[in-house]
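The primary structure of each chain is shown beneath.
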Amino acid sequence: MLDRAEARSPEDELSYMSAGVPGSESLGVVINVQREGDRLLTRPVFFPTEALDDLPHWLPRDTWEIHD
């Protein structure tokens, strides 16, 4: 994702959501980070273009929750 941003205009390609979650609008993906106990879990979350303006309403709440 970073290489893609460098090859294009980084301002248009790479963005950050709340809590510093990086994402690429053109790829339709964010790299979500969640804490579960002593571990950090990272995973790509893919979404349709229509969801860009309001991801939390398109995806289940547990996608964004931090677990203790």
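Residues numbered from 1 in each chain as written. Predicted model: local features only at pLDDT ≥ 70, side-chain atom pairs only at ≥ 80, totals over all residues. Heavy atoms only, no water.

### Describing the overall build of the protein
Per the secondary structure count, the protein includes three helices and four strands. Counted from the first residue to the last, the protein has its helices and strands arranged as α-α-β-β-β-β-α. At a minimum sequence separation of 6, the contacts of the protein that also span at least 24 residues come to 23%. Carbon and sulfur atoms provide 51% of the accessible area of the protein, an area that totals close to 5000 Å². (Helix = DSSP H or I, 4+ residues; strand = E, 2+ residues; numbered from the N terminus. Contact = heavy atoms within 4.5 Å. Areas by Shrake-Rupley, 256 points an atom, 1.4 Å probe, with all protein chains shown as cover.)

### Quick word on the sheet that holds strand S1 (residues 14–16)
The strands making up a sheet associate through hydrogen bonds between their backbones, and the pairing can be parallel or antiparallel. The four strands are arranged S1-S2-S3-S4 in an open sheet whose pairing can be described as antiparallel. What marks the edges here is a single partner per strand, and that holds for S1 and strand S4 (39–46). Neighbouring strand axes in the sheet, compared pairwise and without regard to direction, differ in orientation by 30° on average. Examined bridge by bridge, strand S2 (residues 22–24) and strand S3 (residues 29–36) share two bridges and lie antiparallel to one another. When the bridges of S3 are listed, Ser-24 appears paired with Val-29. (Pairing = 2+ DSSP bridges. Axes fitted to C-alpha atoms, helices over the stretch in contact; angles between N-to-C directions.)

### Re the environment of Thr-49
Turning to its location among the elements, Thr-49 is positioned in the loop between S4 and helix H3 (55–58). For the pair Thr-49 and Gly-28, spaced 21 residues apart in sequence, the C-alpha separation works out to 6.5 Å.

### Section: the environment of Leu-59
Here Leu-59 shows up in the segment after H3. When the C-alpha atoms of Leu-59 and Phe-47 are compared, they prove to be 8.5 Å apart, with 12 residues separating the residues in sequence.

### Quick word on the side chain of Ser-24
Looking at the secondary structure, you find Ser-24 in strand S2. Classification of Ser-24 by relative accessible area gives buried; the value is 1%. Residues contacting Ser-24, with those up to four places away along its chain left out, are Met-1, Arg-4, Glu-13, Val-29 and Phe-47. (Buried < 20%, exposed > 50% of the residue type's maximum accessible area, 1.4 Å probe, protein only.)

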